[in-house]
Amino acid sequence: MPKFYNLGDIVEMKKVHPCGSKEWKIIRLGADIKVKCCGCARIVMLDRSKFEKSVKKILKNEKE
Ligand SMILES: [Zn+2]
């Protein structure tokens, strides 16, 4: 499971959003993490441990 995230990374979640997208963009990193759905632009806030459990992989790493 990926451990390091950067602002702007696109991640794939284990659960598919009702809009059909699995891809989310990280828009805030902190004790809580805010991600924006790439399909419908909905913004969701998760605590870090929940976020890490939900992420399947990083699709696009901003630092690479
Ligand atoms: Zn969505």
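Structure first, text after, so check above.
Reading the values: rules and limits
Residues numbered from 1 in each chain as written. Predicted model: local features only at pLDDT ≥ 70, side-chain atom pairs only at ≥ 80, totals over all residues. Heavy atoms only, no water. Phe/Tyr/Trp six-rings, centres within 6.5 Å; stacked < 30°, edge-to-face > 60°. Helix = DSSP H or I, 4+ residues; strand = E, 2+ residues; numbered from the N terminus. Buried < 20%, exposed > 50% of the residue type's maximum accessible area, 1.4 Å probe, protein only. Salt bridge = Lys/Arg side-chain N within 4 Å of Asp/Glu carboxyl O. Contact = heavy atoms within 4.5 Å. Donors = N, O, S within 2.8 Å, 3.2 Å for Na, K, Ca; no water. Tetrahedral: all angles 85-135°; square planar, octahedral: opposite > 155°, others 65-115°.

**Q** Outline the packing of aromatic side chains, supporting the account with residue identities and numerical values.
**A** In total, this model carries one aromatic pair according to the counting rule given. On the numbers, 4.9 Å between centres and 75 degrees between planes, the contact of Tyr-5 with Phe-51 is edge-to-face. Placement of Tyr-5 in the segment before strand E1 (10-13) and of Phe-51 in helix H1 (residues 48-54) is noted, with a sequence separation of 46 residues between them. Take Tyr-5: its relative accessible area is 9%, and that puts it in the buried class. Classification of Phe-51 by relative accessible area gives buried; the value is 0%.

**Q** Go over the pattern of salt bridges, please, and point to the residues and values.
**A** All told, the structure shown has four salt bridges when counted by the stated rule. For Lys-22, the salt bridge identified is with Glu-12, shortest N-O distance 3.6 Å. Of the two residues, Lys-22 sits in the loop between E1 and strand E2 (23-28) while Glu-12 sits in strand E1, which places them ten residues apart along the sequence. Overall, the relative accessible area of 9% leaves Glu-12 in the buried class.

**Q** Residue-level account of the environment of Met-45, with values.
**A** Looking at where Met-45 falls in the secondary structure, it is placed in strand E4 (residues 43-47). The sequence separation of Met-45 and Lys-34 amounts to eleven residues, and the corresponding C-alpha distance is 4.4 Å. The contact partners of Met-45, leaving out residues within four places of it in the chain, are Asp-32, Ile-33 and Lys-34.

**Q** Residues and numbers for the coordination of the zinc ion, please.
**A** Coordination of the zinc ion by the protein involves His-17 (ND1), Cys-19 (SG), Cys-37 (SG) and Cys-40 (SG), with metal-donor separations of 2.0 to 2.4 Å. Viewed at the metal, the four donor atoms of the zinc ion are separated by angles of 103 to 115 degrees, and the geometry they form is tetrahedral. All donors of the zinc ion come from a single chain, and their spacing in sequence reads H-x1-C-x17-C-x2-C. Pair noted here: Cys-19 is in the loop between E1 and E2 and Cys-37 is in strand E3 (residues 32-37), with a separation of 18 residues, a long-range link. On the basis of relative accessibility, which here comes to 39%, the residue Cys-19 falls in the partly exposed class.

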